[in-house]
Number of protein chains: 6
Amino acid sequence: MLNKNIETFIGCDNEFEQSDIVIFGAPFDSTTSFRPGTRFASKAMRGDSFGIETYSPYQDKDLEDIAVFDGGDLELSFGNTEKALTHIEEFTKQILDADKVPCMIGGEHLVTLGSVRAVAKQYPDLHIIQFDAHTDLRDDYLGETLSHATVIRRVWDLLGDEKIFQFGIRSGDRSEFQWGKDHVFTNKFNFDGLEQVIEKLKGKPVYLTIDLDVLDPSVFPGTGTPEAGGVSFMDLLQAILQVAELNIVACDVNELSPMYDHSGVSTAVACKVLRELLLAIKTN
Amino acid sequence: MLNKNIETFIGCDNEFEQSDIVIFGAPFDSTTSFRPGTRFASKAMRGDSFGIETYSPYQDKDLEDIAVFDGGDLELSFGNTEKALTHIEEFTKQILDADKVPCMIGGEHLVTLGSVRAVAKQYPDLHIIQFDAHTDLRDDYLGETLSHATVIRRVWDLLGDEKIFQFGIRSGDRSEFQWGKDHVFTNKFNFDGLEQVIEKLKGKPVYLTIDLDVLDPSVFPGTGTPEAGGVSFMDLLQAILQVAELNIVACDVNELSPMYDHSGVSTAVACKVLRELLLAIKTN
Amino acid sequence: MLNKNIETFIGCDNEFEQSDIVIFGAPFDSTTSFRPGTRFASKAMRGDSFGIETYSPYQDKDLEDIAVFDGGDLELSFGNTEKALTHIEEFTKQILDADKVPCMIGGEHLVTLGSVRAVAKQYPDLHIIQFDAHTDLRDDYLGETLSHATVIRRVWDLLGDEKIFQFGIRSGDRSEFQWGKDHVFTNKFNFDGLEQVIEKLKGKPVYLTIDLDVLDPSVFPGTGTPEAGGVSFMDLLQAILQVAELNIVACDVNELSPMYDHSGVSTAVACKVLRELLLAIKTN
Amino acid sequence: MLNKNIETFIGCDNEFEQSDIVIFGAPFDSTTSFRPGTRFASKAMRGDSFGIETYSPYQDKDLEDIAVFDGGDLELSFGNTEKALTHIEEFTKQILDADKVPCMIGGEHLVTLGSVRAVAKQYPDLHIIQFDAHTDLRDDYLGETLSHATVIRRVWDLLGDEKIFQFGIRSGDRSEFQWGKDHVFTNKFNFDGLEQVIEKLKGKPVYLTIDLDVLDPSVFPGTGTPEAGGVSFMDLLQAILQVAELNIVACDVNELSPMYDHSGVSTAVACKVLRELLLAIKTN
Amino acid sequence: MLNKNIETFIGCDNEFEQSDIVIFGAPFDSTTSFRPGTRFASKAMRGDSFGIETYSPYQDKDLEDIAVFDGGDLELSFGNTEKALTHIEEFTKQILDADKVPCMIGGEHLVTLGSVRAVAKQYPDLHIIQFDAHTDLRDDYLGETLSHATVIRRVWDLLGDEKIFQFGIRSGDRSEFQWGKDHVFTNKFNFDGLEQVIEKLKGKPVYLTIDLDVLDPSVFPGTGTPEAGGVSFMDLLQAILQVAELNIVACDVNELSPMYDHSGVSTAVACKVLRELLLAIKTN
Amino acid sequence: MLNKNIETFIGCDNEFEQSDIVIFGAPFDSTTSFRPGTRFASKAMRGDSFGIETYSPYQDKDLEDIAVFDGGDLELSFGNTEKALTHIEEFTKQILDADKVPCMIGGEHLVTLGSVRAVAKQYPDLHIIQFDAHTDLRDDYLGETLSHATVIRRVWDLLGDEKIFQFGIRSGDRSEFQWGKDHVFTNKFNFDGLEQVIEKLKGKPVYLTIDLDVLDPSVFPGTGTPEAGGVSFMDLLQAILQVAELNIVACDVNELSPMYDHSGVSTAVACKVLRELLLAIKTN
């Protein structure tokens, strides 16, 4: 008679089969070097999503008009990075195999590697658009090659030159920036040049990875490594709407660390970014 | 293929039909006069319950050996007290009609009235055992007769004299204590006399209501009106185990206000109290 | 010899009779559906107002040059919405009868209804200017017609079409926006069009209601339902100075929930908004 | 018609002339070496006192039956220690001259010196009972002779040997303990020996100074220098009731630093200690 | 002329060569499954240690009379558990080779394994005394064999039966307790039986590992997995003083997670536990 | 063999002799009238500086390419303002005598006076550029002439008219602004006119004092007296880079109060401001 307690992100309560997009949490932060806590992001976002509406006055669209399934959180192994990434890769593949768009909620940024591994197999010509404060282009970090600080370098290992486009970058060591010049497109500080990149990527499969610390810490203090001088919510929203014109085959939103922001604002911002992203993605 | 995200209190993932006990949340705190926030208790307890084990070394029992269903949270109307109480009463009745033991997670203490209304109809000889820091025996509070501060007085309206047994009481106004002397059994500060009460109530239907502020604020700071001089966790555990010898036909645990305790300790304590309570209740 | 401890908002220590403006707190948040706490706003603002100056470098005016009385907080009934609104209405009437401008400190936004009831009786041609993130135009919310989410709809019940002017709106459900198109003026996201509205309302009695969540959550995190993409403090200040050119017969500032912002910034911002508002209002 | 907003500690709203006891705040913490914040104690206690009752079930007495006046807070000079102490001394003298019992709310413990200076002039045979975690017997601290860490040594300068009785002490440097052996009575860790001291001081004028950090940090985390291994609330209450048998001519309660305890428990505990102290003091 | 800024735990500023005890931090928490944050413990303890005294009134000893060197924190690899353990093992060996007693500050409890590996090589007859809320006896945790929840099982792999003595245990799954019965000595809830164990271990090399969550969460809320019903500070202090009668060849103090306790009490408690431990250990 | 634990601001680990710039902490906040806590700034900045990089993408420079020595914190006397200022003056002189640029980390703004005293003796033609929300031009504050609210007035006592240039000012009492008109250059709210001032000061010795509350509280909530309507991080960065064209002979960064911002963002912002300042200063 009574049903078990189901908890989904607001407006994402469709069945798997009927859905076009699948969201899921990847609560992993074992390689975080400064301040951990992103493991709590997806649960916090589900709970606090009921503080926002399903309707977007920006896009005049409603989550109730689209079909999103919330698969809950993966149970990832803490302290065993490679196993966690494999787990994410396999789950992402399952979604792709069912012809749906995976939209992962991190966790630290390294989780992107698990998802990209699956997506790149399906779409060999995959391009990456990265919104982020950090380059994440180190070859290793304190000796580790699998780290939140190396994730985009590892993605480059898979995809090669001219496939990665970074925006909002304002932190990294000098060698990262120097290496990046020859291998990826990097726009520092803001979204300048996004239009041209979009023009170039028209028709190609695109993976959009949003490290929420691209936002200014005033807007989004709840993250492990806040970097002053970031973009505003409206800047990010505008950029998402632009990128959504492309063929987004997978995406993720990561690096919310809710416990560093007792006001709940960061989680609310993350929820709204996810709502707008889900509404903006074009599915068939 | 994939299932929707289900969230229950740890070890309480049985189907309704197979269960002996049904837990549910009553997230209501509209009459709270000092500091609101108990509406967040049940959600917080479900989330943080995964920080405790299903096994109790105190009772040498495991939640996996008993059958508990978690019905989620009622959607209660904020600002309309009577409607919220009716909603709780009806839900409780549904559980009783299915021959199961309802175990409600508050919310402010007033939610107990909704539940007791349903239980008292089923069990006219109902007795109440109340663990609490406050008498809750006012006839009205700032003119309101339905209030967290009047709830046990309203329960007395239903049950009459010699049915209510209070322990741990250490706050109230003088008139409450005076009125109480003629109508209820009150043991101040601790659990002295509990044994005799249990002896007396053997075989009778008993409703156990645990206002968690009976605990000392050092153990349980996350509550709206903390009262110094309370009982320890081991005292409360011992008292619960004793009361569980009786015929508990319904129970509740209330007044956790998680946001006043950023350490998470209060929520963890509440989870453990609930685990021990569920394991201790005798069902057939 | 010694006097009792008097606490007022900074610079608002005039006697009632000598005052042109009367501020008072309406600490009510019983219908808040997401996160309560606005009941603590007025007390927090009085205490922290001593962290700001009485002098405004924006207006080159000083609170010591005008006459404001601080009537303290109403003792409102928690859990009984209609009674609380009546209490507010009666207190507001008392101020209007003494020919002073009432300036209420919420509390949740619903308190505005109590005040508008009194003001609309005195000024039948009353117009409302609302600065807010939310439309508040629902006809009911979870079955309740008196709610923070329905307050402006209830105000419309009193005043009718073409009397309500909303600015900064960025959240609501689709039906609210649709209904609003036919009955109120709504400017989304910012203060565009405010100048024209002011032109139109010249000479008419105006009630200004400021839901502080119109501010961006970066500026004002201490509120129950933070909505990314809001206006800056300077935007709001500018808008207040413009509106103050009109015939403001009453006003309110609401939805500060101080406990969600441990930094105290939100309370400090609210204090400054109130100071600027008091200095800007034209009295005779 | 309307009166200015008056704020007093709960149940302490009598006029000065009619009162037997006068409470006042001394919000000073400029010499605090580790973590400041006690300046906020008295304001916080007034505000949160409405979360407790005026009635004590421990003493079966009510604040409404006694006559206490709340004189508000002194405006003390930050950074000028001697001036602040003089201010306190003068205010205390004013109360003594009116034949009332001064009960000061600190502030850091150094404020006791200001008050004792006034009281010792009136009562040359003054004795001190000190409940504290720290000896406070240094002769200077980082070169300063007026410091929270030297306060009882300065009191000794005024009163001499065999006048000071310390209980609950569990922190200090070795030399303090050694010096103390020859000059004051010190009972480490708890209240052992209090009975004998009380016997000895019968009939003599006694100043009771309660540094709330005598309480265990579990009970009272909101203090600048928490010291594990303290007494329980019930221990402290018992000790206060015992001391109140003596001729208490003045007293103080200090070292609450509310901002270190977001749960509000420490402030609630301090309020209850003050209530019990006010009810226990014998006045004529 | 001027020297670089040196930061040590209070009173532990001796040179390595002159020291008998070496403290160092092992800031690692990558396998923490519930709430991470112990990586911040050692830094927080160094900073806040200046809030306590070097002198212990419990032991009448002073840190200034003994010789302790503070080696700072190891730079451990996040996300690579085996590498981190090896790093700890090597550093511990370096200390042992210099004939000093290593005293490690965790980090999650798993760091104990690294240290024990080095110590067990030096002392094949090593015995372990463990103060802890959790058994930590799982064979694997979510598939991982190296985990905070398996650490004592891994220690048993090294040492075998009848070498491990647990006290204060009050959480674990059923199978852990059952396995433990045959392989380790477990005293649940408190320190009963400690005296007999000490009698038994006289003269043998002993490693003392203190998981601070053995303390009641009221005393020590700043830990990842708080477990109600723990021991008091005085209980723990007493137990440490008893164990210190033995031949302690190495020790550690772990699982402080300072960011869960904004009051700073947990860090202060941890500092005092470390001070008492350092003063109690017998060195030659 | 092993070295003592050294803690410096990131990338500032040079020896004194080899350095061009010397940073040091002045942890003093005894005259703070509203909310103390800046004493914790320098320690917090050292600890959290490891969350930022040594490389600046804004200036394309790296802290590793310049030579900065971190002298740790002065041990200042709490409660004795004059003594603390003298201590700061003497330490600053020591740095100047060694021909290095002192860069002090406050502490409340009053610490600037100590440093300016030393610098002004060395450079009689000293000019001050002040970035601040507050004028700090009072002649006395609550009777005290040495106060955070009088510091720039005291600096004026030393330097006289036409030497002080304020930017970002948005708070003060009316008389401060009026006095200021005749004696200092004040630009309200932002950095307008900075270019002309820089033109004017070319070649002259300049002391740059940055009160971080010049930043908007959204960017920098962790300060005692947050003032809405401040500048952005990018505005401040730009202004620092401009001023660095001048002959900066000394500087300071003050008024971070880390405990008011649990997110850590304010400390991270302060660290980045310091990094950019150190990289921008021209040394020979």
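Residues numbered from 1 in each chain as written. Chains lettered and ligands numbered in written order. Predicted model: local features only at pLDDT ≥ 70, side-chain atom pairs only at ≥ 80, totals over all residues. Heavy atoms only, no water.

Asker: How should the interface of chain F and chain E be read in this particular structure?
Answerer: One frequently used descriptor of interface size is the decrease in accessible area upon assembly of the parts. Contact with chain F, which involves 22 residues of that partner, is made by 22 residues of chain E. For the pair chain F and chain E, the summed buried surface comes to about 2,200 Å²; carbon and sulfur atoms form 60% of the total. Counting every contact that joins chain F to chain E gives four salt bridges. Linking F:Lys43 and E:Glu7 is a salt bridge whose minimum nitrogen-to-oxygen distance equals 3.3 Å. Between chain F and chain E we count six residue pairs in polar contact (both at pLDDT 80 or more) in total. Where the side of chain F that touches chain E is concerned, the elements lending two or more residues are helix 1 (41–48), strand 4 (68–73) and helix 2 (81–97) of chain F. Ranked by residues supplied to the side of chain F that touches chain E, first place goes to strand 4 of chain F with five residues. Along the lines of polarity and charge, the residues of the side of chain F that touches chain E split into six nonpolar, seven polar and nine charged. (Contact = heavy atoms within 4.5 Å. Buried area = accessible area lost by both parts, 1.4 Å probe. Salt bridge = Lys/Arg side-chain N within 4 Å of Asp/Glu carboxyl O. Polar contact = N/O pair within 3.5 Å; in protein donor to acceptor, adjacent residues only side chain to side chain. Helix = DSSP H or I, 4+ residues; strand = E, 2+ residues; numbered from the N terminus. Nonpolar A, V, L, I, M, F, W, Y, C, P; charged D, E, K, R; others polar.)

Asker: Please clarify how the interface of chain F and chain D should be interpreted in this entry.
Answerer: Counting residues at the interface gives 25 residues for chain F, matched by 24 residues for chain D. Roughly 1,700 Å² is buried in total at the junction of chain F and chain D, and carbon and sulfur atoms are behind 51% of that figure. Counting the contacts that link chain F with chain D gives 11 residue pairs in polar contact (both at pLDDT 80 or more). Here the side of chain F that touches chain D is built from residues that sort into eight nonpolar, 11 polar and six charged.

Asker: Explain the packing of helix 6 (residues 194–201) of chain F against helix 7 (residues 233–243) of chain F here, please?
Answerer: A pair of packed helices is captured by two measures, namely the crossing angle of their axes and the spacing between those axes. All names here are of chain F. Contact geometry for helix 6 and helix 7: axes closest at 10 Å, N-to-C directions at 20 degrees. Between helix 6 and helix 7, the crossing angle belongs to the class labelled roughly parallel. Remark: the crossing between helix 6 and helix 7 carries right-handed chirality. Residue-level inspection shows Leu194, Glu195 and Ile198 of helix 6 in contact with helix 7, the latter providing Ala239, Gln242 and Val243. Of the residues that constitute the contact of helix 6 with helix 7, the class distribution is four nonpolar, one polar and one charged. (Axes fitted to C-alpha atoms, helices over the stretch in contact; angles between N-to-C directions. Parallel < 35°, antiparallel > 145°, perpendicular 65-115°, else oblique. Left-handed = near helix turned anticlockwise from the far one by under 90°.)

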